[in-house]
Amino acid sequence: MDKVAAYQCVLLSELPGVGPRGLARIVGAIRDRGWNLADFLQQPAAVYREEYRLPERAVWCLTRGRVAHEQRCAELADRLIEHGGMALLSGMRGYPRAWEQYLNLPPPLVFSLGDTALLELPAVAVLNSRTPSATAIAATRDIVARAAAEGFAVACGAMKLGHRVAAAAARALRAPRGIVLDPGRFYPLGDETPRDNLGLTAGHLRLDRTRTLVLSPFRLYNHAAPANGARRDALIAALADLVLCVEARAGGHMERLGLDMLARGKVVGNWLGQNRALVAAGGRALGPEDLRSGLRVLLPEEFE
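The structure presented is a predicted model; accordingly, all values stated were derived computationally and were not measured.

A look at the environment of M92
With respect to the element layout, M92 can be found in the loop between β1 (86–89) and α7 (97–102). Measuring from C-alpha to C-alpha, the distance between M92 and L109 comes to 9.8 Å, with 17 residues separating the pair along the chain.

Below, the structure is given as structure tokens:
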């Protein structure tokens with residue numbers, strides 16, 4: 001990736017007090033005017049305040065505090081490029097098109113590491129409530145094994161236990177993975193060669209970027225924020241062609257997410273049909289016999 005473009009994206013993402021909606025407003029306004037990021041970064045303070053409605057902290061970083069902000073962002077961009085990472089604005093080549101199709105507010109800016117061609121594979125999201133049972137963990141492993149055998153990519157996260165089980169199972173089977181990171185340090189980007197710690201234990205192998213695509217819509221080195229878990233899970237579900245809510249507590253976040261994905265036209269399954277609301281809304285009750293039959297039969301005809 002072009003170093004200047006990466007630096008400009010990092011400069012934008014690191015503006016204090018500017019969240020996803022603010023970034024979306026900035027990116028949209030830049031496109032409406034036929035500008036690029038360089039044009040935006042050269043405006044006077046009044047434009048940032050009045051036309052872009054940026055908070056004063058962000059205006060300061062782009063004007064009087066520009067030198068310090070630029071220095072910090074240049075260091076972050078250097079790390080991103082050194083490890084083969086990219087910064088992608090919505091609509092750019094390599095940006096997940098499914099996010100633009102299935103989310104009300106697709107991330108305006110995403111950092112990635114790995115082969116974005118993995119986004120072209122059929123994908124299954126394996127999701128669980130926060131504290132999955134032993135039955136759910138076993139089912140998650142079985143589902144990932146079936147998905148790997150059928151050539152699916154596995155969409156998951158890297159922090160919650162259910163996500164880590166899916167990530168570790170896919171890694172063990174050398175299955176392609178699309179991993180959406182929680183807020184926090186952009187996982188493989190450290191001071192050393194990227195390692196595959198995306199599972200249950202600390203990884204000692206190099207991250208296989210031909211089989212793993214890491215995505216993060218959050219600032220590169222932010223601290224984790226539990227409140228953003230719902231956003232992460234929605235991003236994971238939107239990546240997938242088949243959303244499997246293995247264990248979804250009645251009235252909980254995973255149930256709501258499954259219902260939302262059903263409403264948006266996604267194929268949604270629930271292990272053993274234990275969540276009545278999902279099944280009543282059109283979700284498929286799945287069990288061991290369905291895994292023996294295969295997962296691809298659940299997808300629309302265009303995937304056959």
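Once the structure has been displayed, the description carries forward.
Some remarks on the sheet that holds β1
Reading across from one edge, β1-β2-β6-β5-β4-β3-β7-β8-β9 is the order of the 9 strands in this open sheet, with mixed pairing throughout. Edge positions in the open sheet fall to β1 and β9 (284–286), since each of these has one partner strand only. Strand-to-strand twist of the sheet, defined as the mean angle between neighbouring strand axes without regard to direction, takes the value 25°. As paired strands, strand β3 (residues 123–128) and strand β7 (residues 242–247) are joined by 5 bridges and run parallel to one another. In the strand pairing of β7, N128 is matched with E247. Relative to strand β2 (residues 109–113), helix α1 (residues 3–13) is tilted by about 125°, and along the sheet it contacts β1 and β2. With respect to the sheet, helix α11 (residues 253–263) is in contact with β3, β7 and β8 (267–271), its orientation differing from that of β7 by roughly 155°.

Topic: the packing of aromatic side chains
Summed over the entire model, instances satisfying the criterion amount to 3 aromatic pairs. Measuring from centroid to centroid gives 6.0 Å for Y95 and W99, while their planes differ by 80°, and the two rings are edge-to-face. Accessibility expressed as a relative area gives 3% for Y95, which makes it buried. Among the residues examined, W99 registers a relative accessible area of 0% and is labelled buried. Taken together, the ring pairs in this structure connect F40, Y48 and Y52 into an aromatic cluster. Geometry around F152 places R296 over its ring, the cationic atom sitting 5.4 Å from the centre.

Thoughts on helix α2 (residues 20–32)
In this model, α2 (13 residues) spans 18 Å end to end at C-alpha, consistent with the 18 Å of a helix rising 1.5 Å per residue. For α2, the complete set of buried residues consists of G22, L23, I26, V27, A29 and I30. Taken end-on, α2 shows its buried residues confined to a sector of 165°, consistent with a single buried face. Relative to its buried face, α2 has exposed residues pointing more than 90 degrees away, namely R21 and D32. Directly beyond the C-terminal end of α2, a positive phi value near 75° is found at G34.

Quick word on the nonpolar core
Ranked by internal contacts, the top residues of the largest apolar core, which has 33 residues, are L12, I26, F40, Y52 and L54. Contributions of two or more residues to this core are made by α1, α2, α3 (37–40), α4 (45–50), α5 (56–62), α6 (66–82), β1 and β2. Among residues more than four places away in sequence, those in contact with F40 are L12, I26, I30, W35, Y48, Y52, L54 and L62. Counting 32 residues, the second largest nonpolar core, distinct from the first, contains L103, A123, A125 and A155.

Digging into the pattern of salt bridges
Think of it this way: side chains of opposite charge can pair up when their charged atoms draw near. Under the definition given, this model contains 12 salt bridges. Its salt-bridge partner being R72, residue E14 comes within 2.7 Å of it at the nearest N-O pair. Here E14, found in the loop between α1 and α2, pairs with R72, found in helix α6; they are 58 residues apart in sequence, far enough to count as distant. For E14, a relative accessible area of 8% gives the class buried. Between D290 and R284 there is a salt bridge whose closest N-O contact spans 3.0 Å. Judged by its relative accessible area of 41%, R284 falls in the partly exposed class.

Definitions and limits used
- Residues numbered from 1 in each chain as written.
- Predicted model: local features only at pLDDT ≥ 70, side-chain atom pairs only at ≥ 80, totals over all residues.
- Heavy atoms only, no water.
- Helix = DSSP H or I, 4+ residues; strand = E, 2+ residues; numbered from the N terminus.
- Pairing = 2+ DSSP bridges.
- Axes fitted to C-alpha atoms, helices over the stretch in contact; angles between N-to-C directions.
- Contact = heavy atoms within 4.5 Å.
- Phe/Tyr/Trp six-rings, centres within 6.5 Å; stacked < 30°, edge-to-face > 60°.
- Buried < 20%, exposed > 50% of the residue type's maximum accessible area, 1.4 Å probe, protein only.
- Lys NZ or Arg CZ within 6 Å of the ring centre and 35° of its normal.
- Expected span 1.5 Å × (residues − 1).
- Arc of directions from axis to C-beta.
- Core = buried A, V, L, I, M, F, W, Y, C linked by side-chain atoms within 4.5 Å.
- Salt bridge = Lys/Arg side-chain N within 4 Å of Asp/Glu carboxyl O.

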